[in-house]
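# Reading the structure
Here's the letter readout for the chains.
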Amino acid sequence: MKQQKSISEKLFAKLQAGDVSALSYAIRAIENSEFESAEIYNRIKADIGRTAVIGFTGPPGVGKSTLINAYIDCIRSADQRVAVVAIDPSSPISGGAILGDRLRMAAHIDDPGVFIRSVSNRGHLGGLCAAISGIINLIDVAGWDVILLETVGAGQSDTDLTDIADIKVVIQAPGLGDDIQAIKAGILEIADVFVVNKADMPLADRAMRQLQAMIDLRDDKNNRVPIVKTVATEGVGVDLLKAEIDLRSQKWKVVDRQARVKKRMHRLFAREVGRLMERKLASMNQSEFSQVYEKLILGDLKLNLLVERMVEELQEILGD
Amino acid sequence: MHESEVQMESPPRVLITKIGLDGHDRGSRIVAAYLRDAGMEVIYTPPWQTIDAVVGISRQEDIDIIGLSSLATDHLIIPELMTTLTNEGLDAVRVVVGGIIPQNEIQKLLDSGVSKVFGPGTLREEIIDNVKSLALSAQKLKRQKWEEA
Amino acid sequence: MEEKRKRNQPSDIQSAHEEWQQSYQKQMGKQQVIRNRSGLEVDPLYSPADSNNIFFNERLGFPGQYPFTRGIYPTMHRGRTWSQRQLIGLGTPDDYNERVMKLLDSGTSAISLLPCNSTFRGLDCDEIQEVLLGTCGTIINTIDHMETCLAGVPIEEISTAMNDPLPFTLLAFLLGVARRRGIPWERITGTSNQSDYISHFVANHMFFRLSLTGSRRMLLDHIAFCREKVPNWNPVSVVGQHMQQAGATPAETMGFTLSTAIQYAEDCLVRGMDIDSVLTRFTFFFDISISFFEEVAQFRAGRRIWARIARERLGALDPRSWRFKFHGQTSGVDLTRQQPLNNIARVTTQAIVGILSGLQSMHTDAYDEAISCPTEEAARIAVNTQNILREEAHLCDVIDPLGGSYYIESLTDQMEVEINSVIEKIDAAGGMFKAVESGLVQAMIGESALSFQRQIESGDQKLVGVNCYQLDEDQEVEPAPYRPNPDAVKALAESFKEYKAARSKSTVQRAIDNLARAANSENDNLFEQVVTAAEKGVTHGEIVACLRRELGEGKPIIKA
C-alpha cells in the first residue's frame, strides 16, 4: 500500500495562513490520499466548521457554472471570500478528464477573493468526488468564508450533496426536453431552494408551474421550498437567490460549527472505511477465502447479503 | 505499492491554453482530448488568456504542465509568461509549447525556460510521453518545496 | 472482325458492368473500403450504371442556368477568368502601402487588406505587447492609418477586399478616406470579407466578437447601410473557411455555410428588406482542400443547393440572387511545416480544384505560410502558380470540364444528399444562430477534427513529410519568418499616442456617446454611427470598447 505521510509543518503553516499555492497543493494530496487521515484530521479539527457550504446541482445544460459565476459576484459584493469546487466526470475508460467548468467563471481569475478548483470525480458516483470532505476541510482551514460546490450534474444521482452541503440549491431550466421529469426522483427531495434558470426563455413559466405543483404535492405547507427565477447570464434574480439562501442558513442554524463538522465527518468516515476495506481485502491472500468465493460463485451465498452482514457488524461497532 | 498505482493515483494535471491574440484552437482541443484519453486531468480554457490568468489558474489548479498552443506569433510573449511564473513562485510548473514556431525562434523559448517545443506533425505518443515525464518532475519539485524543510 | 468484337464485348451495360466487377474482385481479393473526407464510401469505378443523367436539366442545367450546377455564368472562365486576389497585410501602414503599390504596378485590379491580429481582437496598438504588433497583418487603428495604407491607390477604380470583422471599422475608415478625397461612395467596390460573425463563433479564430445578439444587430445594420449608401459593396461574405479550418468535413462545411446564409437572409427578411436586394450582394468564401474530386463535387452541389434555397425557400425572384458566387483560398490546413517546398505542389493541386470547380476569385497560399507570414519570394511563387495554371495549363478552355464524369456527377449527387442532411439538422435545431448558441455546431466540428487527426495518427490519412516520406528535421532549411522592423513599430505606437492626444476630447466623446446611444436604440443604424465616429477620429479600439460595453462581449461557446 502506498505510504501515507504526515503533513509538513511548512505546508500546514502556509495552509493556515491562507496561502493559495499551499491549499492548492494540499487538495491534490488529499485527493490522492497521501496524508495519514487521522493525523491530518487532528491537525485541522480546531480550525474547521467555519465555512458555509452551498451545493448547486441540476441536470446538464441548466447553467450551473454560469449561475455560480453570477453568485460569486453577489458574494463578493457582500465582501465575503469564496471558494468554488467544480466537479466534472472522469472518462470511464482512461480515468482522465477534461475539467471545463471554470471556463464560465473566467471573469474572477484576477480576484484574490475567489478560489476556483476543478476536480475530477475519478469515477465516484453521487455527483461529487470521494475526497470531498477532506477538500472542504482544507478550504475551511485556509479561511474561506463560503464554498460553492458544483456537482457533476448527472441529474438524479447527484445526491451526495445531502451529506455535505449546508444548503442545497437544485437548478432547473425550461426547454430541456422532458422538463421536470429530469429532476423528478431523488434530487427533488434534497432541495432547500429551487432555481429556474434561463427564466427569459419561452416555457419558463410552464417549468415554474410544474415545479410548484410538485412541491405542493410533497411539502408540508409550513416549510415551503422557494423557487427563484434567474437569468444567470445577465445576473438577474441572483440577489434573490442569495437572500433565500441566507434566510435558510440562519433559520436552520446551519452556521452551527459542530453540525457542519459532523456532517463532513460522516462522509470522511465512509470514505476511509471504503478505502481501507478495499485495500485490506485486496492485499489479503485470496486462497484464505476460497470457500466463501466458491459459495458466492455457486450462488449458495448471496453477495449483497454478505456485504450487508458486514455493514451490520460495522453499525454495531459504531453504536457502541 | 507499484509504480503504476502511484501514477494512477496522481494523474498529471495539465492546463491547455492559448495566450496572446490568435484563437485557432483546433490543435489545442485535439491535444486536450489526447491527454484526457491518456488518463490525465486537463483544464482546458478558451484562447486569448492573459499571462496573469494563466498564472492564476496554474496556482489554483495545482497544474503540473502548461501546454500552450501558438500558431501565429503569440509565442513571442511566452518568455514573459516564464518570468511571471518564476516571480510568482510557480517555477515547478513545466511549460510545453505546440504549434508553429519558426526554427530560429525555438531556442529563445527554450532559453526562457520552456521544457519542450512540439512542431506540427508531432505524434500523439511523443506528446503524451513527454508530458507524463515532465509532470512527474514537476510533482517531485512541488513535493520538495512543500514537504522538505 | 465485327463478329469477333461482339464476342469479346458483353451485349449491354449491365452485364458488362458485372463482368468487370467479377474480374476486378478476382484480382483485388478482399479489399478495404475507401471513404472520402466526408465519410462517403467511394467505389473503384463509376459507369453509366451510376449516372443519373435523365434529369439533366433539373439537376445540372447549362452554365448560367438554374440550378447552376455547371457554373453560375454562361461564359465562366472562357469569358473572364477568376480574379486573382492575394491577401496582403503586414507591418505598419507604410509597409502595407509599399507592398500594395508594387502589386498595382504589376497590374492587379483587386486588392485586399489583412489587419494585424490586434485589430482583429478589437485592440489598438497601445493595448498589447509591442512584440506582437504587425507580425501577421497591418496595424490599422485610425482613419489616418488607412489613408497612409491607401496613399496613391485609386480606390474608386479597384475592388478592395477587407478582412474586416464587425463592427466594420476598416470599411468605415475606407469610406472616410473616400470622403476626404471627394470620391462618392457609390464608386467604392469590394467585399467585407469577415462579416460572417456566426463563423467566428463556430470556430475560434482571432476575431474579437460582440455578443451573439449584438453581432446579429450589427451585421443587419451594416447590410442595411450598404444597400442604401454603398450599393456596390458586398456587405456579406459567408465564410465556410472557418468551419473547414476548425475541422468540419467538406459536407459539413458546405452545410453549415449554407445554413448560415439562410440565417442571414431570413434575418434580413424579418427586417423587411427586399430579398433580392440582399441576396444579389451575398458572396461565399471557402477554403479549397486537397481532396480533389470531393471538393469539386462539394462546390457543384453547393451551387445547386443554394440556387434552390434562394429561389424556393427564400423566394428570390432575381436570377442573380440564385448564383452562388464564391472566393476560394487554398487551404492552409493542408500545408505542412515539414519540407515546406512540398507545399507548392499542394497549393497547385488545390488551385486546380478551385479552377475546375468554377470559382470567381482565388487566393493561393505561399508555401511558407505554415511557418510565418509569406516572404516576398514565396508570395510571388503563389501568384505565379495561378498564372501558370491560367496561361499554360489549358484549364480554362472548357467550362465545367469534369461535368458528365460518371464519378463527379454521382459524387455531386451524394454530396448534395449529405449537405442537405446537415442543413436539416441545423433547421431542426432552430437554425444556425440557435445551433451555434447551443454549441451544437462546435461539438460536431470538434468530433470531425478529432477523427481526422486520428486518421493521420493511424496512417490511414497519409501526409507526406509528416507520417510518411519524412526527412531528418535538421536537414531542413527554413526561411526566417517575417518580423516587422521594431523601430518602425515603436515609432507608429508613439505617433498613435500623439494622434490621440491631439484630438478634440469633446468631439471624440460626443461621437462615442452617439455610438452608445445608437446601440441602445433600435431606430438608429449602428454602422452609420461607426462611420461617423471613424471620421471624427475615434480609434478602432475605442469603437470596439464602446460596443462591447453596450452590446456585450461574445464569449467562446465551447462544449468541453
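As the structure is a prediction and not an experimental result, all values here were calculated from the model.

Looking now at the overall build of chain A. When helices and strands are counted, chain A shows 11 helices and 8 strands. Since a compact globule built from 320 residues should have a radius of gyration of about 20 Å, the 21 Å found for chain A is in line with a globular shape. Seen along its three principal axes, the alpha-carbon backbone of chain A occupies a region of about 65 × 50 × 40 Å. For chain A, contacts bridging at least 24 residues in sequence account for 77% of all contacts bridging at least 6. Each charge class in chain A was averaged separately, 41 positive and 44 negative side chains, and the resulting centres sit 2 Å apart.

Once that is clear, we can look at the pairing of strand E2 (residues 41-44) of chain B. Along any regular strand, the residues point their side chains to alternate faces of the sheet. Here E2(B) shows a buried face lined by B:Glu41 and B:Ile43 and a second buried face lined by B:Val42 and B:Tyr44. Relative to E2(B), strand E3 (residues 97-99) of chain A runs parallel, the two sharing 3 bridges. In the sheet register, A:Ile98 faces E2(B), and the bridge partner there is B:Val42. Bridge count for strand E1 (residues 13-17) of chain B against E2(B) is 4 bridges, and the pairing is parallel. Residue B:Arg13 lies in a different strand from E2(B), and its bridge partner there is B:Glu41.

On to the interface of chain A and chain B, then. Opposite the 35 residues of chain A that make contact, chain B presents 36 residues. Summed over both partners, the interface of chain A with chain B comes to about 3100 Å²; 49% of that surface belongs to carbon and sulfur atoms. Ionic pairing is found between B:Glu41 and A:Arg122, a salt bridge with its closest N-O pair at 2.9 Å. The interface formed by chain A and chain B holds 25 residue pairs in polar contact (both at pLDDT 80 or more) in total. With 7 residues, the top contributor of residues to the side of chain A that touches chain B is helix H2 (residues 20-31) of chain A. Classifying every residue of the side of chain A that touches chain B gives 13 nonpolar, 9 polar and 13 charged.

Let us now look at the pattern of salt bridges. Across all of its chains, the model carries 49 salt bridges over all chains by this definition. Its salt-bridge partner being A:Arg76, residue A:Asp111 comes within 2.7 Å of it at the nearest N-O pair. Within this pair, whereas A:Asp111 is found in the loop between E3 and strand E4 (114-120), its partner A:Arg76 is found in helix H4 (residues 64-77), the two being separated by 35 residues in sequence. The partner of C:Arg313 in a salt bridge is C:Glu266, and the shortest N-O contact between them spans 3.6 Å. Placement of the pair is C:Arg313 in helix H14 (residues 292-313) and C:Glu266 in helix H12 (residues 250-270), with a sequence separation of 47 residues. For C:Glu266, a relative accessible area of 30% puts it in the partly exposed group. Connected via shared salt-bridge partners are A:Glu31, A:Arg102, A:Arg117, A:Arg122, B:Arg13, B:Glu41 and B:Glu61.

As a further point, take the sheet that holds strand E3 (residues 159-162) of chain C. Taken in spatial order, the 4 strands make up an open sheet running E2-E3-E4-E5 (chain C), and their pairing is parallel. Across the chains shown, the open sheet's two edge strands, defined by having one partner strand only, are strand E2 (110-113) and strand E5 (233-234) of chain C.

Every contact between the two is made by 40 residues of chain C and, on the other side, 38 residues of chain B. With both sides pooled, the region where chain C packs onto chain B buries about 3200 Å², and carbon together with sulfur makes up 57% of that total. Of all residues in chain C, C:Leu132, C:Arg337 and C:Glu457 bury the most surface against chain B, accounting for 19% of the area lost on that side. Counting across the chain C and chain B interface gives 2 salt bridges. B:Glu105 is the partner of C:Arg483 in a salt bridge, and the nearest nitrogen-oxygen pair spans 2.8 Å. Taken together, chain C and chain B are joined by 9 residue pairs in polar contact (both at pLDDT 80 or more).

Once that is clear, we can look at the nonpolar core. Membership of the largest hydrophobic core comes to 133 residues, with the highest contact counts inside it found for C:Phe256, C:Leu258, C:Phe282, C:Trp306, C:Phe527 and C:Leu547. Leave out the neighbours within four places in its chain, and C:Phe527 touches C:Pro167, C:Phe168, C:Leu171, C:Ala172, C:Leu175, C:Met218, C:Asp221, C:His222 and C:Phe225. Among the nonpolar cores identified, the runner-up in size contains 53 residues, and A:Ile132, A:Leu138, A:Leu149 and A:Leu188 belong to it.

So, about the sheet that holds strand E5 (residues 146-150) of chain A. Residues and elements named next belong to chain A. Read from one edge to the other, the open sheet built from 7 strands follows the order E4-E2-E5-E1-E6-E7-E8, with strand pairing classed as parallel. Whereas interior strands pair on both sides, the edge strands pair on one side only; in this sheet they are E4 and strand E8 (227-229). Each strand axis lies, on average, 20° off the axis of its neighbour in the sheet, ignoring direction. Pairing geometry for strand E7 (residues 193-196) and E8, over 3 bridges, is parallel. When the sheet's bridge partners are listed, Phe194 is paired in E8 with Ile227. Strand contacts of helix H5 (residues 132-141): strand E1 (52-57), strand E2 (82-88), E4 and E5, with the helix running at about 160° to E2, the strand carrying the most contacts.

Right, let's get into the domain arrangement of chain A. Residues and elements named next belong to chain A. By the assigned domains, chain A splits into domain 1 (47-254) and domain 2 (261-319). Counting residues at the interface gives 20 residues for domain 1, matched by 7 residues for domain 2. Between domain 1 and domain 2, the buried area comes to about 1100 Å², and carbon and sulfur atoms account for 49% of it. Broken down residue by residue, the surface that domain 1 buries against domain 2 is led by Ala130, Ser133 and Asp163, which jointly contribute 40%. Where domain 1 meets domain 2, there are 0 salt bridges.

Looking now at the pairing of E5(A). All names here are of chain A. Counting buried residues in E5 gives 5 out of 5 residues, a clear majority hidden from the surface. Sheet topology places E1 next to E5; 5 bridges connect them, and they run parallel. Counterpart to Ile54 in the pairing with E5 is Leu148. One ladder, built from 5 bridges, connects E2 with E5; its direction is parallel. Of the residues in E5, the one forming a bridge with Val85 is Leu149.

What follows is about H5(A). Residue and element names in this part refer to chain A. Taken across its 10 residues, H5 has 10 buried, putting it largely inside the fold. Every buried residue of H5 is listed here: Ile132, Ser133, Gly134, Ile135, Ile136, Asn137, Leu138, Ile139, Asp140 and Val141. Just beyond H5, the residue with positive phi is Gly143, at close to 90°.

Before going further, it helps to spend a moment on the side chain of B:Thr84. By secondary structure assignment, the location of B:Thr84 is in helix H4 (residues 78-87). The contacts of B:Thr84, once residues within four sequence positions are left out, are B:Ile51, B:Asp52 and B:Val55.

Further remarks concern the packing of aromatic side chains. All names here are of chain C. Taken as a whole and assessed by the stated rule, the structure comprises 22 aromatic pairs over all chains. Relative to Phe326, the ring of Phe299 lies with its centre 4.4 Å away and its plane at 15°, an arrangement referred to as stacked. Remark: Phe326 occurs in strand E8 (residues 326-330) and Phe299 occurs in helix H14; sequence separation between them is 27 residues. The class of Phe299 is buried, set by a relative accessible area of 0%. The exposure class of Phe326 is buried, given its relative accessible area of 2%. Relative to Phe326, the ring of Phe324 lies with its centre 5.7 Å away and its plane at 45°, an arrangement referred to as tilted. On the basis of relative accessibility, which here comes to 1%, the residue Phe324 falls in the buried class. Each residue in the set Phe282, Phe284, Phe286, Phe299, Trp306, Phe324 and Phe326 is aromatic and connected to the rest through ring pairs, giving one cluster. Positioned above the aromatic ring of Phe201 is the side chain of Arg209, whose terminal nitrogen or guanidinium carbon lies 5.0 Å from the ring centre. We note Arg216 situated over the ring of Phe433; from NZ or CZ to the ring centre the distance is 3.9 Å.

Moving on, we come to the packing of H14(C) against helix H18 (residues 406-428) of chain C. Each packed pair of helices is defined by two parameters, the angle between the axes and the distance between the axes. Residue and element names in this part refer to chain C. Contact geometry of H14 with H18 gives a least axis separation of 8 Å together with a crossing angle of 55°. Considering their axes alone, H14 and H18 lie oblique with respect to each other. Where H14 crosses over H18, the handedness of that crossing is right-handed. Touching Phe293, Glu294, Val296, Ala297, Gln298, Arg300, Ala301, Arg304, Ile305, Arg308, Ile309 and Arg313 of H14 are Tyr407, Ile408, Glu409, Leu411, Thr412, Asp413, Met415, Glu416, Ile419, Asn420, Ile423 and Asp427, all from H18. Among the residues forming the contact of H14 with H18, the class breakdown is 12 nonpolar, 3 polar and 9 charged.

Cut-off values and rules
Residues numbered from 1 in each chain as written. Chains lettered and ligands numbered in written order. Predicted model: local features only at pLDDT ≥ 70, side-chain atom pairs only at ≥ 80, totals over all residues. Heavy atoms only, no water. Helix = DSSP H or I, 4+ residues; strand = E, 2+ residues; numbered from the N terminus. Rg over C-alpha atoms; globule rule 2.2 N^0.38 Å. Contact = heavy atoms within 4.5 Å. Lys, Arg positive; Asp, Glu negative; His and termini not counted. Charge placed at Lys NZ, Arg CZ, Asp CG, Glu CD. Buried < 20%, exposed > 50% of the residue type's maximum accessible area, 1.4 Å probe, protein only. Pairing = 2+ DSSP bridges. Buried area = accessible area lost by both parts, 1.4 Å probe. Salt bridge = Lys/Arg side-chain N within 4 Å of Asp/Glu carboxyl O. Polar contact = N/O pair within 3.5 Å; in protein donor to acceptor, adjacent residues only side chain to side chain. Nonpolar A, V, L, I, M, F, W, Y, C, P; charged D, E, K, R; others polar. Core = buried A, V, L, I, M, F, W, Y, C linked by side-chain atoms within 4.5 Å. Axes fitted to C-alpha atoms, helices over the stretch in contact; angles between N-to-C directions. Domains from an automatic or database assignment. Phe/Tyr/Trp six-rings, centres within 6.5 Å; stacked < 30°, edge-to-face > 60°. Lys NZ or Arg CZ within 6 Å of the ring centre and 35° of its normal. Parallel < 35°, antiparallel > 145°, perpendicular 65-115°, else oblique. Left-handed = near helix turned anticlockwise from the far one by under 90°.

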